[in-house]
Amino acid sequence: MSATQAARGPYSDVIRERWRRPRFRGELPGAGAVAEDVNPLCGDRVRLMLALEGERVSAARFVGDSCAICAASADVLAELVVGRSRAEALRVEAADLLAVLQADIRPTRMRCVTLPLSVLATALNGKR
Amino acid sequence: MRLDELTRPDFPILERVVNGHPLVYLDSAASSQRPRTVIEAMSQYYARSHANVHRSIHTLGEEATELYEAARDRVQRFIGAQHREEVIFTRGTTDGLGLLAETIGRTLRAGDEVLITELEHHSNIVPWQLATRDRGAVLKAVPLGDDGTLDLEAFERLLTRRTRVVAFAHVSNVLGTINPVARMCARARQAGAFSVVDGAQAAPHLSLDMGALDCDFYAFSAHKMLGPTGIGVLYGRREVLEALEPGRGGSEMIKEVWIDRAQWNDLPWRFEPGTPPIAEAVGLSAAIEYLEKLGMDAVAEHERALTRQTLEGLAAIPGVRVYGPPASEARGAVVAFSVEGLHPHDVAALLDAEGIAVRAGHHCAMPLMRRLGVVGTSRASFSVFNSPEEVRHLLAAVGELRTAL
């Protein structure tokens, strides 16, 4: 079994790359909006930290103990929301994340993709 | 002939190709697969004999009743119960344990204690939380030693005159630990407590003898032992069952009903309200027949060899950690493991890409996961149809995992 073969299934190159070298993983001291949630199915835990300048998200970081899909999703989400207004950030949907992740995610793993979204909603006090 | 060579042709699902690979099914602890005889017995029942049991005075009703009650007789022999009325059909282990927690729960008083253990499945934790919560009773748990076995000295300390129920697994669904059932049940009885054994992971793999275990209650599911979903067994010692008021009402469990009261039916029907899972009983009977033909000692020996091979093989892979008692100890047919740097769900998904089905997550044992200090583990588990070649396939695939993501 080569590494490429092994990475079939839900693991696209984007997910593998984001898992190995996340761009937005880490603490964000002084973050103005912070939330954390857990997926009861698998125990995935994601904490999202956002810095706000007025209504605009100026920086985002995440930490967590999760599977590769969830971590990659959080990393992509952090990238997508930076520079957006609070309202725009809340409009990011699973489809936007999937478009970047380029992965074939089955329903059983979809919550791994969407957990960071609900954490974002909580952090921004919005409702999805 | 090896047991897997003998049995594999009987399991149609093993012909499946998954993600381009022949299916390697290592998730029987969650739910096993079924031999053709079980599938056919159930179709045959539906095609020829189905009617409601016990109250239909016509040929089909009589046939269905006969088949349903014959299944009870077969279960009685299989588990070494002294009387047929000690065998209650339920919807599964969870249902059996829930029935007990509800029924015994009504008799709990403030200050009474229920003693469980740290290695229980949620099904043997949460029903007791519900049963104790509203009655001012107290739920306690026997801690687990670092070797993956129960701290029996602590068990002795926690077992007091206040203890009304001692509920624990025969075999841990994560660690594979085999608990000393007979000893713990004897101590429970001396203390005046009911003993309740969760046998979900034992019934498919060990030869059972209720007389030797001498427990008050023993619950298990058909679907983990080559039988259908939707049916399980709750064994209850006759004297204890006779003294218990039923916790659930409905048809079948009564002799006579008035608007304000009812007279209970005889055992075992007193604890079987509503139309029972009849086709499932027929399927369970066929599953037991299949296991008995193989011989439970041969089944246990086969699965023990696969478990040992897996434990030793996984322990030799760098970055892989296995949980539970060492390979030299008697263990159930499960091996929980983790791969450094990989989430259990990623392990399972990567193995699935190779056609290998393992379970990943908390295995419905969150308190145990917390005790082990992990969010979850991956778990391979075995049945009669698994082969040493399949284990080698698993070991090779796990060996590649650390570079896979």
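Quick caveat, the model's predicted, so the values are computed rather than measured.

Regarding its fold elements, chain B presents 14 helices and 17 strands. The C-alpha radius of gyration of chain B comes to 22 Å, within 12% of the 22 Å expected for a compact globule of 405 residues. Projected onto its principal axes, the C-alpha coordinates of chain B cover approximately 70 × 55 × 35 Å. By the burial criterion, 54% of the 405 residues in chain B qualify as buried. A fraction of 71% describes how many contacts in chain B between residues 6 or more apart in sequence connect residues 24 or more apart.

With that out of the way, let us pick up the overall build of chain A. When its secondary structure is counted, chain A shows six helices and three strands. The helix and strand sequence of chain A, counted from the amino end, reads α-α-β-β-β-α-α-α-α. Based on the C-alpha atoms only, the size of chain A along its principal axes is roughly 50 × 25 × 25 Å. Contacts spanning at least 24 positions in sequence make up 62% of the contacts within chain A whose residues lie at least 6 apart.

All names here are of chain B. Contact geometry of helix H4 (residues 93–105) with helix H5 (residues 126–133) gives a least axis separation of 9 Å together with a crossing angle of 15 degrees. When the axis of H4 is compared with that of H5, the two are roughly parallel. When you trace H4 past H5, the crossing you get is right-handed. In this structure, H4 uses Leu 97, Gly 98, Ala 101, Glu 102, Ile 104 and Gly 105 to contact H5, whose residues at the interface are Pro 127, Trp 128, Leu 130 and Ala 131. Per-class residue counts for the contact of H4 with H5 are seven nonpolar, two polar and one charged.

The next thing to look at is the interface of chain A and chain B. Of the residues lining the interface, 17 residues belong to chain A; the matching set on chain B comes to 17 residues. Of all the elements in the fold, those that place two or more residues in the side of chain A that touches chain B are helix H1 (3–6) and helix H2 (13–20) of chain A. Partitioning the side of chain A that touches chain B into residue classes produces 11 nonpolar, three polar and three charged.

Residues and elements named next belong to chain B. On domain assignment, one finds that chain B holds domain 1 (3–30 + 296–403) and domain 2 (40–292). The distance between the C-alpha centroids of domain 1 and domain 2 comes to 28 Å. Put simply, the parts of the chain that give the side of domain 1 that touches domain 2 at least two residues each are helix H11 (296–315), strand E14 (334–339), helix H13 (366–372) and strand E17 (377–381). Taken together, the residues of the side of domain 1 that touches domain 2 break down into 15 nonpolar, six polar and five charged.

With that settled, consider the pairing of strand E8 (residues 194–198) of chain B. Residue and element names in this part refer to chain B. For E8, the buried fraction is high: five of the five residues fall into the buried class. Alternating positions in E8 separate into two faces, Phe 194, Val 196 and Asp 198 on one and Ser 195 and Val 197 on the other, with burial throughout. Bridging between strand E7 (residues 163–169) and E8 involves five bridges; their strand directions are parallel. Pairing of Ala 167 across the sheet is with Val 196, part of E8. Crossover E7 to E8 through helix H7 (residues 181–190) is right-handed.

Further remarks concern the sheet that holds strand E5 (residues 113–117) of chain B. Residues and elements named next belong to chain B. Reading across the sheet, the seven strands line up as E4-E10-E9-E8-E7-E5-E6 and stay open at both edges, with mixed pairing between neighbours. The sheet is open, and its two borders are formed by strand E4 (87–90) and strand E6 (138–142), each paired with just one other strand. Taking the axes of each pair of neighbouring strands and ignoring which way they run, one obtains an average angle of 20 degrees across the sheet. With five bridges connecting them, E5 and E6 associate as parallel partners. Bridging from a neighbouring strand, Leu 115 pairs with Lys 140 of E6.

Moving on to the packing of H11(B) against helix H14 (residues 388–400) of chain B. Each pair of packed helices can be described by the angle between their axes along with the distance between the axes. Residue and element names in this part refer to chain B. The N-to-C vectors of H11 and H14 enclose an angle of 20 degrees; their axes lie 10 Å apart at closest approach. By the angle between their directions, the pair H11 and H14 is classed as roughly parallel. Relative to H14, H11 is oriented so that their crossing is right-handed. Residues Leu 306, Gln 309, Thr 310, Gly 313 and Leu 314 of H11 pack against Pro 388, Val 391, Leu 394, Leu 395 and Val 398 of H14. Partitioned by chemical class, the residues of the contact of H11 with H14 number seven nonpolar, three polar and no charged.

About the thresholds
- Residues numbered from 1 in each chain as written.
- Chains lettered and ligands numbered in written order.
- Predicted model: local features only at pLDDT ≥ 70, side-chain atom pairs only at ≥ 80, totals over all residues.
- Helix = DSSP H or I, 4+ residues; strand = E, 2+ residues; numbered from the N terminus.
- Rg over C-alpha atoms; globule rule 2.2 N^0.38 Å.
- Buried ≥ 20, exposed ≤ 12 C-beta atoms within 10 Å, placed from the backbone.
- Contact = placed C-beta atoms within 7 Å.
- Axes fitted to C-alpha atoms, helices over the stretch in contact; angles between N-to-C directions.
- Parallel < 35°, antiparallel > 145°, perpendicular 65-115°, else oblique.
- Left-handed = near helix turned anticlockwise from the far one by under 90°.
- Nonpolar A, V, L, I, M, F, W, Y, C, P; charged D, E, K, R; others polar.
- Domains from an automatic or database assignment.
- Pairing = 2+ DSSP bridges.
- Right-handed = clockwise from strand over helix to strand, strands pointing away.

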